[in-house]
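Given next are the chains, with one letter for each unit.
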Amino acid sequence: MYAIVEIAGQQFKVSKDLKVYVHRLSDEEGSKISFEKVLLLDDNGTITLGAPAIEGASVEAKVLQHLKGDKVIVFKKKRRKGYKKRNGHRQYLTQIVIESILATGGKKSAPKAEKAVEVKAPKAEKIVEAKAETKAPKAKVAKADDLKIIEGIGPKAAEVLVAAGIDTFAKLAKAKVAKINEILDGAEAKVQHLDPTTWAQQAQLAADGKMDELKKLQDELNNGKAV
């Protein structure tokens, strides 16, 4: 018996007693955890598909340890600029062991059918109200931008800025240098040495969609600093 389950944004094919490395979880070592987003189940040849997840099914696991993955080298170079930068990165991971797979999907289908039969007219009104409610928030929610496009902002700095609420080019363009320095100085990651002097200028060009001008500006910079 095996299952396809989503854990911390990744999909894994798991079976009983299998050890898996996943993105860092907040649970403590030795604690029991349950993952309910089961997308597929294979029980001795009987396959059950979710839409997208199987109702009632879950995968039970135990946290073994928190660790770091192998080092990945990130090398950046600009031709004819004398610019080279080499960084290392180790991903934070959690090792878990699958203890059991519970295939109890489909139990909640009956109550849903009863609700659909009860009253038809109010149900149509609820659908109209739900559509009106969901359309308004979609227009207000802004998608997060890839702040690593800004020269001088690496993965760690981007995580620190997003955690502080600066997750778009527009917000970064409006942020003052003193405020950004305050965010970097208070971060646990080693980003205090970064110079955010030109970040707002670069972010404004990116927010306006002027990528050619942004690239031209970055060619004149050295690791995000004005030469």
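Details of the structure are given in the entry above.
Attention here is on the structure that accompanies the text. (Residues numbered from 1 in each chain as written. Predicted model: local features only at pLDDT ≥ 70, side-chain atom pairs only at ≥ 80, totals over all residues. Heavy atoms only, no water.)

Moving on, we get to the sheet that holds strand β1 (residues 2-7). Taken in spatial order, the four strands of this open sheet run β2-β1-β5-β6, and their pairing is antiparallel. Whereas interior strands pair on both sides, the edge strands pair on one side only; in this sheet they are β2 (10-15) and β6 (46-49). Within this sheet the neighbouring strands show an average axis-to-axis angle of 20°, counted without direction. Here strand β5 (residues 38-43) pairs with β6 via four bridges, running antiparallel. Of the residues in β6, the one forming a bridge with D42 is I47. (Pairing = 2+ DSSP bridges. Helix = DSSP H or I, 4+ residues; strand = E, 2+ residues; numbered from the N terminus. Axes fitted to C-alpha atoms, helices over the stretch in contact; angles between N-to-C directions.)

A cis amide bond links A51 with the next residue in sequence, P52, at an omega value of -5°. Relative to the helices and strands, P52 is located in the loop between β6 and β7 (58-78).

For the rest of this paragraph, the subject is the sheet that holds strand β4 (residues 32-35). Ordered in space as β3-β8-β7-β4, the four strands form an open sheet in which the pairing is antiparallel. Looking at which strands have only one partner, the edges of the open sheet turn out to be β3 (19-23) and β4. The sheet shows a mean angle of 45° between the axes of neighbouring strands, taken without regard to direction. Sheet topology places β7 next to strand β8 (residues 83-102); 18 bridges connect them, and they run antiparallel. Bridge pairing links K77 to K84 in β8.

Okay, the layout of surface pockets next. Considered as a void within the structure, the largest pocket measures approximately 610 Å³ in volume. K76, K85, N87, G154 and P155 are the residues nearest the centre of the largest pocket, which is lined by 25 residues in total. Elements supplying a minimum of two residues to the lining of the largest pocket: β7, β8 and α3 (155-163). Looking at the lining of the largest pocket element by element, the count peaks at five residues for β8. (1 Å grid on protein atoms, 1.4 Å probe; cavity = no way out; pocket = protein on both sides within 12 Å on 5 of 7 lines; lining within 4 Å. Points joined across faces, edges and corners; volume = space filled by probe spheres on them.)

To continue, consider the packing of helix α6 (residues 199-207) against helix α7 (residues 211-219). Where α6 contacts α7, the two axes come as close as 8 Å, and the packing angle between them is 155°. Classified by the angle between their axes, α6 and α7 sit roughly antiparallel to one another. Our pair here, α6 against α7, has a crossing hand that is left-handed. Note on element contacts: α7 touches α6 through M211, E213, L214, L217 and Q218, opposite Q201, Q202, L205 and A206. (Parallel < 35°, antiparallel > 145°, perpendicular 65-115°, else oblique. Left-handed = near helix turned anticlockwise from the far one by under 90°. Contact = heavy atoms within 4.5 Å.)

Glancing now at the packing of aromatic side chains. Going through the model one piece at a time under the given rule, you end up with zero aromatic pairs. The positively charged end of K13 is found above the aromatic ring belonging to Y2, 4.5 Å away from the centroid. The positively charged end of K78 is found above the aromatic ring belonging to Y83, 5.5 Å away from the centroid. (Phe/Tyr/Trp six-rings, centres within 6.5 Å; stacked < 30°, edge-to-face > 60°. Lys NZ or Arg CZ within 6 Å of the ring centre and 35° of its normal.)

Enumeration according to the criterion identifies six salt bridges in this entry. The salt bridge partner of K32 is E99, with a shortest N-O separation of 3.7 Å. Highlighted residues: K32 in strand β4 and E99 in strand β8, separated in sequence by 67 residues. Judged by its relative accessible area of 29%, E99 falls in the partly exposed class. (Salt bridge = Lys/Arg side-chain N within 4 Å of Asp/Glu carboxyl O. Buried < 20%, exposed > 50% of the residue type's maximum accessible area, 1.4 Å probe, protein only.)

With that settled, consider α6. Taken residue by residue, α6 has W199, A200, Q202, A203, L205 and A206 as its buried positions. If you follow the buried residues of α6, they end up packed against α3, α4 (169-174), α5 (177-185), α7 and β9 (221-222). Just downstream of α6 lies G209, where phi reads positive at about 80°.

As far as function goes, none of this settles anything; it's purely spatial.
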